[in-house]
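# Coordinate inspection notes
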Amino acid sequence: MNAHWSEEDFEYGDDGADSMVRPYTITRGRTTSERDDLTLITVLSTVQPAALAGRRLQPEHRVILDRCRYPAAVAEVAADLNLPVSVTKILLGDLIAQGLLTARAPLAVAKVSGGVDLALLTAVRDGLRRL
């Protein structure tokens with residue numbers, strides 16, 4: 001399954017009625033995230049790969065975990081998946097609830113690392129531009 005969706009993947013009919021079929025199935029019918037603390041600049045990181053052993057995950061979840069091996073912002077992950085941010089937040093919430101992904105406010109990451117990481121800020125900016 002291709003984790004990078006194009007506009008053609010979402011639009012099937014002239015009336016646009018099927019435009020959200022794929023995201024609806026990816027989220028198993030959920031339309032909002034259970035987490036309200038995920039912002040566009042929340043930084044995500046995958047936990048240790050050993051925690052993945054024996055887990056049955058959707059392909060999109062696996063793409064997220066692979067992408068977040070290095071810290072990434074919510075906006076970057078949504079852009080990489082080519083999915084709406086609202087859909088991405090639902091998938092991220094699934095992974096956080098399973099303990100496979102951590103989420104931190106960007107300031108907490110900056111304080112721990114000893115200052116602001118310009119590469120991270122640049123990556124967030126670039127991710128936002130891709131949206």
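Shown above is the structure to which this text applies.
Structural notes, computed from the coordinates. (Residues numbered from 1 in each chain as written. Predicted model: local features only at pLDDT ≥ 70, side-chain atom pairs only at ≥ 80, totals over all residues. Heavy atoms only, no water.)

Another aspect to go through is the packing of helix α3 (residues 59-67) against helix α4 (residues 74-81). For the pair α3 and α4, the least separation of the axes is 11 Å and the interaxial angle reads 130°. Classed by the angle they form, the pair α3 and α4 counts as oblique. Seen along the crossing, α3 lies across α4 with a hand that is right-handed. Seen from α3, the contacting residues are Glu60, Val63, Ile64 and Arg67; seen from α4, they are Glu76, Val77, Asp80 and Leu81. (Axes fitted to C-alpha atoms, helices over the stretch in contact; angles between N-to-C directions. Helix = DSSP H or I, 4+ residues; strand = E, 2+ residues; numbered from the N terminus. Parallel < 35°, antiparallel > 145°, perpendicular 65-115°, else oblique. Left-handed = near helix turned anticlockwise from the far one by under 90°. Contact = heavy atoms within 4.5 Å.)

With seven of eight residues buried, α4 lies mostly within the body of the structure. Within α4, burial applies to Val74, Ala75, Glu76, Val77, Ala78, Ala79 and Leu81. Residues of α4 that are buried in the fold lie against β1 (43-46), α3, β2 (72-73), α5 (85-97) and α7 (118-130). Just downstream of α4 lies Asn82, where phi reads positive at about 55°. (Buried < 20%, exposed > 50% of the residue type's maximum accessible area, 1.4 Å probe, protein only.)

Take the sheet that holds β2 next. Read across the open sheet, the three strands follow the order β2-β1-β3; overall the sheet is antiparallel. Looking at strand neighbours, the two that pair on one side only are β2 and β3 (101-104), the edges of this open sheet. One ladder, built from two bridges, connects β1 with β2; its direction is antiparallel. Looking across to β2, one finds that Val43 is bridged to Ala73. (Pairing = 2+ DSSP bridges.)

Looking now at the nonpolar core. Membership of the largest hydrophobic core comes to 19 residues, with the highest contact counts inside it found for Leu44, Ile64, Cys68, Val77, Leu92, Leu95 and Leu101. When residues of this core are traced back to their parent elements, those giving at least two are α3, α4 and α5. Examining the composition of this core, we find that five residues originate from one element, α5, more than from any other. The residues contacting Ile64, other than those within four sequence positions of it, are Thr46, Val77, Leu81, Leu91, Leu92, Leu95 and Leu101. (Core = buried A, V, L, I, M, F, W, Y, C linked by side-chain atoms within 4.5 Å.)

The next subject is the pattern of salt bridges. Counting across every chain of the model gives five salt bridges. Ionic pairing is found between Asp66 and Arg69, a salt bridge with its closest N-O pair at 2.9 Å. Of the residues examined, Arg69 reaches a relative accessible area of 54% and is grouped as exposed. Put simply, Asp80 and Arg67 hold a salt bridge, and the shortest N to O gap is 2.3 Å. In this pair, Asp80 is assigned in helix α4 and Arg67 in helix α3, connecting sequence segments 13 residues apart. When salt bridges that share partners are traced, they join Arg67, Glu76, Asp80 and Arg130 into one network. (Salt bridge = Lys/Arg side-chain N within 4 Å of Asp/Glu carboxyl O.)

Mapping Thr88 onto the fold places it in helix α5. Not counting the four nearest positions on each side in its chain, Thr88 is found in contact with Val77, Ala78, Leu81 and Leu83.

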